[in-house]
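# Commentary on secondary and tertiary structure
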Amino acid sequence: MSISESTILVTGGAGFIGSSFIHSLFKNPAFTGRIVNIDLLTYAGNLASLASIADNEYYTFIRGDIRDAPAKLFAEFDIRAIVHFAAESHVDRSIVNPDDFITTNIVGTYKLLEAARTQWKDRKDVRFHHISTDEVFGSLGKEGYFTEESPYSPRSPYSASKASSDHLVRAYFHTYGLPITISNCSNNYGPRQFPEKLIPLMIENALEGKPLPVYGDGLNIRDWLHVDDHSAAVWKILTLGNPGETYAVGGNNEVSNIDLVRLVCRLLAEETGRPEENFSRLISFVKDRPGHDRRYAIDASKITRELGWQPSRTLTNGLRETIRWQLANRDWVDSVKSGEYLCWLNENYLRRGEN
Ligand code: NAD
Ligand code: TDX
């Protein structure tokens, strides 16, 4: 039986990328297996993101913490593959309080690896795919790209915790022969992203007439990838990638933060029929993020050459689609814009405002 016909354990499937991946599998005619989704439902996990598949007979949700030995899941389900998304994912939160980043991203990954090693023993027809980030490679200057060969140089508690988990995953391949793969991906955007990340935050603030906080000089560069393109890359790696391999995944969409925020303002004006100036006048330069990496950019030629993957969307089209989704799905947005989110945002914004 191939992985596409078997049970896949998705960790963190109620988060932004994990939920998109689950939706993509149920839309993929090549996938005829089952999905078990384990998610703690932290502030970033939202079952509303999975409402349309909640009753699917091939889908099971388990509220659980990857830090609590997940081995019992293997006894209950015949798990053939793990796609490990669960993590604390927001750099600014890691600067304010790194604790959960260390325990979930490092210890949680270790617990999952141990469960896989002890339950799968020496099986080779299984796969542990670890979702990682380009941030583990640190910051680029004006030139060059990250590749699978780039040296590790993490500079925030978040990226250090992800780097640590990457090393553990690779160690389980070399030491125990666990069939792992790793992807290091650039910044994702798209529907159902928690509005603390740059793009959904700017859309929300602009719609509410609140300041659009651009850190530092706004010239930091990110390489944006639509989340559906990321899901397609993960599927290629899971089904065609070789054990022990790492794949760099990027959108070929480099843009500075200030240009991106201006583009959001322009597209919002087009989509709402309001003057662009209504939004762009809200742009406000605030105190920089400590240790703010200057530039990320990915050379994704390995996954293109070996597995035939490439990103399908331009940033402008993907962004327009994302804005339309955010305008059309106010229930989802309102449900996450409550409680802890507002406390975090107010505290964070006040802190950044103090120059
Ligand atoms: P997210 O914050 O939206 O979702 C994370 C999910 O993990 C949430 O549903 C949360 O409830 C769950 N979770 C957290 N701690 C848990 C625990 N201890 N046990 C079980 N579940 C737990 O994150 P995301 O943006 O969807 O990122 C998913 C993965 O992709 C992460 O590993 C992240 O490092 C990686 N990544 C993200 C991006 C990006 O741009 N967002 C880019 C590259 C890589
Ligand atoms: O209010 C803001 N103002 C601002 O200028 C926020 C939230 C961000 N920024 C800047 C910081 C970054 O240069 O925008 C850029 C993007 O910021 P984030 O959305 O916080 O993403 P980033 O820090 O680049 O990390 C993201 O991509 C890599 C994800 O959060 C990580 O999980 C992923 O690994």
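Everything here concerns the structure above.
Structure report, in brief. (Residues numbered from 1 in each chain as written. Chains lettered and ligands numbered in written order. Predicted model: local features only at pLDDT ≥ 70, side-chain atom pairs only at ≥ 80, totals over all residues. Heavy atoms only, no water.)

For ligand 2, the set of nearby residues contains 19 residues, the closest of which are T133, E135, Y158, R289 and H292. Within the side chain of T133, one N or O atom sits 2.7 Å away from an oxygen atom of ligand 2. Here an oxygen atom of ligand 2 sits 2.6 Å away from a polar atom, N or O, in the side chain of R289. Compared with its free state, where it exposes 650 Å², ligand 2 has 94% of that area covered by protein. For the shell around ligand 2, the secondary-structure elements that each account for two or more residues are α6 (198-208) and β8 (212-215). Residue composition of the shell around ligand 2, by class: eight nonpolar, six polar and five charged. (Near = heavy atom within 4 Å. Polar contact = N/O pair within 3.5 Å; in protein donor to acceptor, adjacent residues only side chain to side chain. Areas by Shrake-Rupley, 256 points an atom, 1.4 Å probe, with all protein chains shown as cover. Helix = DSSP H or I, 4+ residues; strand = E, 2+ residues; numbered from the N terminus. Nonpolar A, V, L, I, M, F, W, Y, C, P; charged D, E, K, R; others polar.)

On to the environment of S165, then. With respect to the helices, strands and loops of the structure, S165 is situated in helix α5 (residues 157-176). Of the residues examined, S165 reaches a relative accessible area of 0% and is grouped as buried. Separated by 110 residues in sequence, S165 and P275 place their C-alpha atoms 46 Å apart. Discounting chain neighbours no more than four positions away, the residues touching S165 are N105, T109 and H130. Side chain to side chain, S165 and H130 meet in a polar contact 3.1 Å long. (Buried < 20%, exposed > 50% of the residue type's maximum accessible area, 1.4 Å probe, protein only. Contact = heavy atoms within 4.5 Å.)

This paragraph deals with the packing of α6 against helix α11 (residues 315-328). Closest axis-to-axis distance for the α6/α11 pair is 11 Å, and the angle between their directions is 55 degrees. Relative to α11, the element α6 lies oblique. Here the hand of the crossing between α6 and α11 comes out right-handed. Facing I199, P200, I203, E204 and L207 of α6, the residues of α11 in contact are L319, T322, I323, Q326 and L327. Looking at the contact of α6 with α11 residue by residue, the class counts come to seven nonpolar, two polar and one charged. (Axes fitted to C-alpha atoms, helices over the stretch in contact; angles between N-to-C directions. Parallel < 35°, antiparallel > 145°, perpendicular 65-115°, else oblique. Left-handed = near helix turned anticlockwise from the far one by under 90°.)

Mapped onto the elements, S4 comes out in the segment before β1 (7-11). For S4, a relative accessible area of 15% translates into the label buried. When near neighbours in sequence (up to four residues on either side) are disregarded, S4 contacts A30, F31, T32, G33 and W235.

It is worth spelling out the nonpolar core at this point. Ranked by size, the top nonpolar core spans 24 residues in total, and within it I199, L212, W224, L260, L268, L315 and L319 carry the most contacts. Counting only elements with at least two residues in this core, the list comes to α6, β8, α8 (257-272) and α11. The residues touching L260, leaving out its near neighbours within four places in the chain, are L198, I199, W224, V255, L315 and L319. Within the second largest apolar cluster, 22 residues are counted, among which are L9, I66, L73 and F128. (Core = buried A, V, L, I, M, F, W, Y, C linked by side-chain atoms within 4.5 Å.)

Okay, the packing of aromatic side chains next. Tallying each qualifying case throughout the model produces 13 aromatic pairs. A ring pair is formed by F31 and W235, whose centres lie 6.1 Å apart and whose planes are at 85 degrees; its orientation type is edge-to-face. Of this pair, F31 sits in the loop between α1 (16-27) and β2 (34-39) while W235 sits in helix α7 (residues 227-240), and the two are 204 residues apart along the sequence. Across this residue pair, the class does not change: F31 and W235 are buried. An aromatic cluster is defined as three or more aromatic residues linked by ring pairs; in this entry it consists of F26, F31, Y59 and W235. Taking NZ or CZ as reference, R117 lies 4.3 Å from the ring centre of Y176, over its face. (Phe/Tyr/Trp six-rings, centres within 6.5 Å; stacked < 30°, edge-to-face > 60°. Lys NZ or Arg CZ within 6 Å of the ring centre and 35° of its normal.)

Next up on the list: α1. Taking 1.5 Å per residue, twelve residues should reach 16 Å; α1 reaches 17 Å between its end C-alpha atoms and fits that length. Of the residues making up α1, those classed as buried are F16, G18, S19, S20, F21, I22, H23 and L25. Packing partners of the buried residues in α1 comprise β1, β2, β3 (59-63), β4 (79-84), β7 (188-189) and α7. (Expected span 1.5 Å × (residues − 1).)

We now examine the sheet that holds strand β6 (residues 180-185). Overall, parallel pairing links the seven strands, which are arranged β3-β2-β1-β4-β5-β6-β11 in an open sheet. Two strands in the sheet have a free side with no partner beyond their single neighbour: β3 and β11 (246-249). Averaged over all neighbouring strand pairs, the angle between strand axes comes to 15 degrees, with direction disregarded. Where α1 meets the sheet, its contacts fall on β1, β2, β3 and β4, and the angle it forms with β2 comes to roughly 170 degrees. On top of the sheet, α7 reaches β1, β4, β5 (127-133), β6 and β11; it is set at about 145 degrees to β5, its chief contact. (Pairing = 2+ DSSP bridges.)

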